[in-house]
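# Breakdown of the fold
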Amino acid sequence: MSTSRPILFWIAIFAAIAAVVVLLHQVLLPFVAGMVLAYLLDPLANRMERLGVNRLVATLAIIAFGVTLIAVIIILTVPVIIRELSLFVEHLPLYVRRVHALATDPNWPWLSKIVGEGLGETERSIGELTKFASGWLESILRSAWSGGRALISIVSIGIVTPIVACYLLYDWNRMVATIDNWVPPAHRETAQALAREIDKTISGFVRGQSTLCLVLAVYYAAALRLIGLDHGVLIGIAAGLISFIPYLGSLSGLVVSTCIAIAQFSPDWRPIWLVPAVFVVGQSLADYVLAPHLVGRRVHLNPVWVMFALFAFGYLFGFVGLLIAVPLASAIGVLARFALRTYYASSLYASTATKPPLES
């Protein structure tokens, strides 16, 4: 009975947290984002504190620098992205017409049978979508202003998130110590070891995967720009940044850029073949050079498990789910490996008269 009570208590706590996330996930975004920022910035604040800087001063300096950096990046990049998106929407019917002409070329009868008729319907549909898209931004802004919900979300992310991150970052070590005191002394050492392993897995994955995405974004954008592909910078940056979902960035960038290359360069096939080569080289570079060095084998997160966690939590909780997917996947993985190690060392497993493996 004494052993089952703590287990039931923690199960009840986790169930209550899950229920709160399910019921309030639409308003949790700025708070979860602030918690993520505080977690990521805590090592920097600790380092500054060890150098003799007051914790409050270090927190304010870090948050101010981060907000300024993000604002500068937005000011510099958003106009370029909007311009590229506008040009892409404007030129999309032209790309479809060119691909349609290539598909209906008598020299390529097999291609005509596959995509010829479908592209005719696609062209008409995209033409209608282009007319609709001309007033899309205006209608979205008007709706956001009148309805207020999207506007409130943007304001909450831009204003509430830094405030929450500032408070959490300042009190982070105190909160960790308080949670540590909640654990019974007999199990505290085990809980601390699991927490360190979870922290190592999350920090290693986030730090390594973020660097990998930035490297791929720069590589894809520069390579497609050198080829001369229209919207190459936009496609390359987008493909690199969404590479935190394994293989999704390279595959989506490959499909979109290849279609644009066919419409832009045909019948010259030399630059067209260069586009898939860029993404094959980039994905190979990520798999065999960047990932082992930046992420490392110490981060026990299988790509399939990461993809499942991102899609599952994103489907259940929206953008909040995407923010908590990797930490929860890391925690579940660490706890599952700990449970297996405990099982292998238990009398239940030993009763099978087989030697338990050293590693799960």
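Each remark here, short or long, concerns the structure printed above.
Here we summarise the structure given alongside this text. If you're wondering where the values come from, they're calculated on a predicted model, not measured in any experiment.

### A look at the overall build of the chain
For the chain, the helix and strand inventory stands at 14 helices and zero strands. Taken from the N to the C terminus, the helices and strands of the chain come in the order α-α-α-α-α-α-α-α-α-α-α-α-α-α. Nonlocal contacts in the chain, meaning residues at least 24 apart in sequence, comprise 66% of its contacts between residues at least 6 apart.

### Regarding the packing of aromatic side chains
In this structure the tally under the stated criterion is four aromatic pairs. A ring pair is formed by Tyr219 and Tyr220, whose centres lie 5.5 Å apart and whose planes are at 50°; its orientation type is tilted. Grouping aromatic residues by their ring pairs yields a cluster made of Tyr219, Tyr220 and Phe279.

### Quick look at unusual backbone geometry
For His231, which is not glycine, the phi dihedral falls at a positive 60°. As for its position among the elements, His231 is in the loop between helix H8 (185–227) and helix H9 (232–241). Judged by its relative accessible area of 7%, His231 is buried.

### Examining the pattern of salt bridges
Under the defined criterion, the tally for this structure stands at five salt bridges. In this structure, the salt-bridge partner of Arg174 is Asp171, at a minimum N-O distance of 3.3 Å. Overall, the relative accessible area of 52% leaves Arg174 in the exposed class. Of the residues examined, Asp171 reaches a relative accessible area of 22% and is grouped as partly exposed. The partner of Arg337 in a salt bridge is Glu197, and the shortest N-O contact between them spans 3.9 Å. One end of the pair, Arg337, is in helix H13 (residues 319–345); the other, Glu197, is in helix H8, and 140 residues separate them in sequence. Look at the salt bridges and you will find they share partners, linking Asp42, Glu49 and Arg55 into a network.

Calculation rules
Residues numbered from 1 in each chain as written. Predicted model: local features only at pLDDT ≥ 70, side-chain atom pairs only at ≥ 80, totals over all residues. Heavy atoms only, no water. Helix = DSSP H or I, 4+ residues; strand = E, 2+ residues; numbered from the N terminus. Contact = heavy atoms within 4.5 Å. Phe/Tyr/Trp six-rings, centres within 6.5 Å; stacked < 30°, edge-to-face > 60°. Buried < 20%, exposed > 50% of the residue type's maximum accessible area, 1.4 Å probe, protein only. Salt bridge = Lys/Arg side-chain N within 4 Å of Asp/Glu carboxyl O.

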